[in-house]
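Examining the three-dimensional arrangement
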Amino acid sequence: MDLNSKGKKESPEAPSDSARSSPFPDEVLDRVLGMLKSNKDRSAVSLVCKDWYNAERWSRSHVFIGNCYSVSPEIVARRFLKIRSITLKGKPRFSDFNLVPRNWGADIRSWLVVFASKYPFLEELRLKRMTVTDQSLEFLALNFPNFKVLSLLSCDGFSTDGLAAIATHCKNLTELDIQENGVEDKSGSWLSCFPENFSSLEVLNFSNLNSDINFDALERLVSRCKSLRVLKVHKNISLDQLQKLLVCAPQLTELGTGSFFLELIPELYAELSDAFYNCKKLETLSGLWELHLLYLPVLHPVCRNLTFLNLGYAAMRSLEFANLIRHCPQLRRLWVVDTVEDVGLEAVGSSCPLLEELRVFPADPFDEEIIHGVTEAGFVAVSYGCRRLNYVLYFCRQMTNAAVATIVQNCPDFTHFRLCIMNPGQPDYLTNEPLDEAFGAVVKTCTKLRRLSVSGLLTDLAFEYIGKYAKNLETLSVAFAGSSDWGMQCLLGGCPKLKKLEIRDCPFGNAALLAGMKKYESMRSLWMSSCNLTMDGCRLLAREMPRLNVEVMKEEGSDENHADKVYVYRSVVGPRRDAPPTVLTLSS
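These lines cover the structure that appears in this document, whether it is placed above or below. (Residues numbered from 1 in each chain as written. Predicted model: local features only at pLDDT ≥ 70, side-chain atom pairs only at ≥ 80, totals over all residues. Heavy atoms only, no water.)

**Overview of the nonpolar core**
Of all hydrophobic cores here, the largest spans 186 residues; its most connected members are Leu-204, Leu-218, Phe-260, Phe-417, Leu-452 and Ile-466. Here Leu-452 is in contact with Phe-417, Phe-439, Val-442, Val-443, Ile-466, Leu-473, Thr-475, Leu-476 and Ser-477, once residues within four sequence places are set aside. (Core = buried A, V, L, I, M, F, W, Y, C linked by side-chain atoms within 4.5 Å. Buried < 20%, exposed > 50% of the residue type's maximum accessible area, 1.4 Å probe, protein only. Contact = heavy atoms within 4.5 Å.)

Structural data, given as structure tokens:
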């Protein structure tokens, strides 16, 4: 549930009787609201008047909650009466980097108990960074008879036994999407739990599991589900098994392959080539673990229609990658490992003119002696050939101010610009100057920018630029940067649409933290770790801003007055009750 942009509570009750009535008949109002798909837009119209509030309250079927502790399930159920789809996020994003205690919280159980009472007709649940136990999955499977969609991204606490409960009891399931989760992978027998007459599945993704599965059960399941459009399997699926699955499901639009490695067998090569050739609707291809170069040509027939190619697990070399990418003229999204080097990215620039999103991941971010990788040259080459580029996540070991200025001049429509220079504090390697002007160019040129990650040697000047020019910025991530409190004060004094601020290993202290008192009420959250914060400063913030939850996570052996990790977020329900001993919640 959203909080309005002024940072005030969004009451679970309707506006007062004195609120202006709507001049529209109910039928017209229902049709107008039915055209609004954005949660932000629906929340805005609910503030117009009492009639609009009530109409939106009764007509909304989906709710997005960006922080599970910003509101309670009881308030959600009291406000919205006909919810069928819920998206819920839990732990701070830095939990992905093991900076948040494993038992931090964000358990889905209390939400499910309320939903079972108030929304027994719930059909869709999408969770990110939540704790989900096997018991919760079984409760979900048994208490929502019309349940159809389960998506778990970066969640933990469950095992394949929980998936077995979903497969056994959710008779109408259309989507089971398990991505990047901390799953206890006991066995692959859970796939055998789908009833033999079950045929409604449209999306199946178990790519991050590891155990061997009952392939016969999977093959029968895929054969029965004639509407299956997304299938992403794990790396234990062999090439001959993949060929059988493709024969069963030529209608797929998205495919995550298994291991693409096997000694060349001419007969299998021919059968696999035919199977891919018959997949006329395939638009997304991912997986491709353990590539065997001799099998890559079987992909060429589907490459010409691909809009998304995810090679994030495939450490391809530049020449083999360049040969593959030349067959992908329709590509809009591309994820690769930096082993493709600048030569591979030059091929992207010359072959993929429609590209809008590029992500380049490091093969080994901790090996400082590694000789391969990408530089500013590859990024510049992409920017010259792919003028529609608007989303980038780029891991590299060197960058220059001039290169970034050229990139954003070529591609001024960036909405997401995430540059990760892997050596902390790295300057412009040609001039030895800070990279302040690089990020200044980004925020001055890219007026649509919503998300920014900065890295490299940065002084307070970079943050002055961001605070002054990043008018539409919503999420900012900062690490190993800044000179003094002034830098963070510039951010908090500008960036009028900022929702999430993530800071680690920076010299910002109490003065910087307290400069944002009023700002935090209009934001979703602030994370600060390994900065110069004290417990006294955090207590002062909690005392002055009682509607904020101020949580401090202490590290073993740290100074008594040092605040190691601080998480600040707005909430309409006050401090949470399930914080573990490692999380200290400060109160007014």
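So, next bit.
**Re the side chain of Thr-475**
Its location among the elements puts Thr-475 in strand β18 (residues 475-479). Those residues in contact with Thr-475, other than ones at most four positions away along the chain, are Arg-450, Arg-451, Leu-452, Leu-498 and Lys-500. (Helix = DSSP H or I, 4+ residues; strand = E, 2+ residues; numbered from the N terminus.)

**Quick notes on the state of the cysteines**
Taken as a whole and judged by the stated rule, the model has zero disulfides. Considering cysteine sulfurs only, Cys-396 is the nearest to Cys-420, which forms no disulfide, with 8.3 Å between them. (Disulfide = S-S within 2.5 Å.)

**A word on the pattern of salt bridges**
With the rule as written, the count across this model stands at 19 salt bridges. The partner of Asp-536 in a salt bridge is Arg-539, with the nearest N and O atoms 3.4 Å apart. With Asp-536 and Arg-539 both in helix α21 (residues 535-544) and three residues apart, this pair spans about one turn of that helix. Its salt-bridge partner being Arg-576, residue Glu-551 comes within 2.8 Å of it at the nearest N-O pair. Residue Glu-551 is found in strand β21 (residues 548-553), and its partner Arg-576 is found in the loop between β22 (565-570) and β23 (583-586); the two are separated by 25 residues along the sequence. No difference in accessibility class separates Glu-551 from Arg-576, as the two residues are buried. Salt bridges linked by common partners bring Glu-124, Arg-126 and Glu-175 together as one network. (Salt bridge = Lys/Arg side-chain N within 4 Å of Asp/Glu carboxyl O.)

**Side note on the environment of Val-132**
Along the polypeptide, Val-132 turns up in the loop between β3 (124-128) and α6 (134-143). For the pair Val-132 and Gly-162, spaced 30 residues apart in sequence, the C-alpha separation works out to 9.1 Å. Setting aside anything within four residues of it in sequence, one finds Val-132 in contact with Ile-108, Leu-127, Leu-137, Leu-152, Cys-155, Asp-156, Gly-157 and Phe-158.

**Describing the packing of aromatic side chains**
Taken as a whole and assessed by the stated rule, the structure comprises 16 aromatic pairs. Ring centres of Phe-414 and Phe-417 lie 5.2 Å apart, and the angle between their planes is 85°; this geometry places the pair in the edge-to-face category. For the pair formed by Phe-414 and Phe-417, the shared burial category is buried. Following the ring pairs from residue to residue traces out a cluster consisting of Tyr-69, Trp-104, Trp-527, Tyr-567 and Tyr-569. Here the guanidinium or amino end of Arg-109 rests over the ring plane of Phe-139, the centre of that ring lying 4.5 Å away. Above the plane of the ring of Trp-104 lies Arg-576, whose end atom (NZ or CZ) is 4.2 Å from the centre. (Phe/Tyr/Trp six-rings, centres within 6.5 Å; stacked < 30°, edge-to-face > 60°. Lys NZ or Arg CZ within 6 Å of the ring centre and 35° of its normal.)

**Structural notes on the pairing of strand β13 (residues 333-337)**
If a strand is regular, its side chains alternate between the two faces of the sheet. Burial of β13 is extensive: four of the five residues sit out of reach of the surface. The sheet contact formed by β13 and strand β14 (residues 357-361) spans five bridges and is parallel. Counterpart to Val-337 in the pairing with β14 is Phe-361. This β-α-β element, β13 to helix α13 (residues 341-351) to β14, shows right-handed connectivity. (Pairing = 2+ DSSP bridges. Right-handed = clockwise from strand over helix to strand, strands pointing away.)

**Some words on the packing of helix α8 (residues 215-224) against helix α9 (residues 239-248)**
Where α8 contacts α9, the two axes come as close as 8 Å, and the packing angle between them is 20°. By the angle between their directions, the pair α8 and α9 is classed as roughly parallel. In this structure, the crossing between α8 and α9 has a hand that is right-handed. Contacts between α8 and α9 pair Phe-215, Leu-218, Glu-219, Val-222 and Ser-223 from the former with Gln-241, Lys-244, Leu-245 and Cys-248 from the latter. (Axes fitted to C-alpha atoms, helices over the stretch in contact; angles between N-to-C directions. Parallel < 35°, antiparallel > 145°, perpendicular 65-115°, else oblique. Left-handed = near helix turned anticlockwise from the far one by under 90°.)

**Section: the environment of Asn-172**
Tracing the backbone shows Asn-172 in the loop between α7 (160-169) and β6 (175-179). Between the C-alpha atoms of Asn-172 and Lys-148, which are 24 residues apart in sequence, the distance is 5.5 Å.

**Brief notes about unusual backbone geometry**
Glycine aside, the phi torsion of most residues is negative, and most peptide linkages are trans. In this structure, Ala-106 is a non-glycine residue whose phi angle is positive, near 65°. Inspection of the secondary structure puts Ala-106 in the loop between β2 (85-89) and α5 (109-118). The class of Ala-106 is buried, set by a relative accessible area of 0%. Phi at Cys-495 is positive, roughly 45°, even though this residue is not glycine. Note that Cys-495 resides in the loop between α18 (485-493) and β19 (500-504). Take Cys-495: its relative accessible area is 0%, and that puts it in the buried class.

**Here we look at the side chain of Ser-70**
Tracing the chain through its elements places Ser-70 in the loop between β1 (62-65) and α4 (73-79). Residue Ser-70 is classed as buried on the basis of its relative accessible area of 9%. At 2.7 Å, the side chain of Ser-70 forms a polar contact with the backbone oxygen of Asn-67. Once residues lying within four places of it in the same chain are set aside, the contact partners of Ser-70 are Ile-65, Arg-570, Ser-571, Val-572 and Val-573. (Polar contact = N/O pair within 3.5 Å; in protein donor to acceptor, adjacent residues only side chain to side chain.)

**A closer look at α8**
For α8, the complete set of buried residues consists of Phe-215, Ala-217, Leu-218, Leu-221, Val-222 and Arg-224. Where α8 starts, the residue carrying a side-chain oxygen 3.2 Å from the main-chain nitrogen of Asp-216 turns out to be Asn-214.

**Topic: α7**
Of all ten residues that make up α7, seven are buried, and the element is covered over most of its length. Considering only its buried residues, α7 is in contact with α6, β4 (149-153), β5 (156-159), β6 and β7 (182-184). The opening residue of α7, the one whose side-chain oxygen lies 3.1 Å from the backbone nitrogen of Asp-161, is Ser-159.

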